[in-house]
Amino acid sequence: VQLQASGGGLAQAGGYWRLSCVAFGSVTSLNTMGWYRQAPGNQRELVATMTSGGTTDYADSVKGRFTISRDNAKNTVDLLMNGLRTEDTAVYFCNYRAIIGCPINWYWGQGTLVTVSS
């Protein structure tokens, strides 16, 4: 599976931004897709994920501000970020993993930088 993310750039604090990601290759029908991020000096952390069945998981820091959505037919996942804060500045990574299988491999996109200026 290959992931291609797009949408990084410079955003304003308090504003909004959208990231998109598409998965190519051996995408299974039961999967989880989502976003993680890594700020300088920090470990990679969960932002939001959504299963193919629609179950979502959000980091506490983005709840109420970010919304994840996906199109299963197109194997895409989007992240709409509202109420941006400077601490949202990070490299955002798209993630895909199957729900069933052994082992379950995690796949990552190339990362896209979102910089939030005050």
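All of these numbers come straight from a predicted model, not from anything done at the bench.

Participant: Mind laying out the pairing of strand E9 (residues 90–98), listing which residues take part and the relevant values?
Facilitator: Summarising burial for E9: eight of the nine residues are buried, a large majority. Bridge analysis of strand E4 (residues 31–38) against E9 gives eight bridges, and the strand direction is antiparallel. Looking at E9, one finds that Trp35 is bridged to Cys94. Pairing analysis gives three bridges linking E9 to strand E11 (residues 112–117), with the strands arranged antiparallel. Its bridge partner being in E11, Val91 is matched across the sheet by Leu113. As paired strands, E9 and strand E10 (residues 106–108) are joined by three bridges and run antiparallel to one another.

Rules used in this analysis
Think of each chain on its own: its residues are numbered from 1, step by step along the sequence as written. The model is predicted, so local features are restricted to residues of pLDDT at least 70 and side-chain atom pairs to those at 80 or more, both for listing and for counting; the totals for chains, interfaces and linings are taken over all residues. Side-chain metrics in this entry use all non-hydrogen atoms of the structure; hydrogen atoms and water are not considered. Accessible area is worked out with a 1.4 Å probe on protein chains only. A residue is then buried under 20% of its type maximum, exposed over 50%, and partly exposed in between. In this description a helix means any DSSP run of H or I spanning at least four residues, a strand means any run of E spanning at least two, and both kinds are numbered starting from the N terminus. Paired strands, in this sense, are two strands between which DSSP finds at least two bridges.

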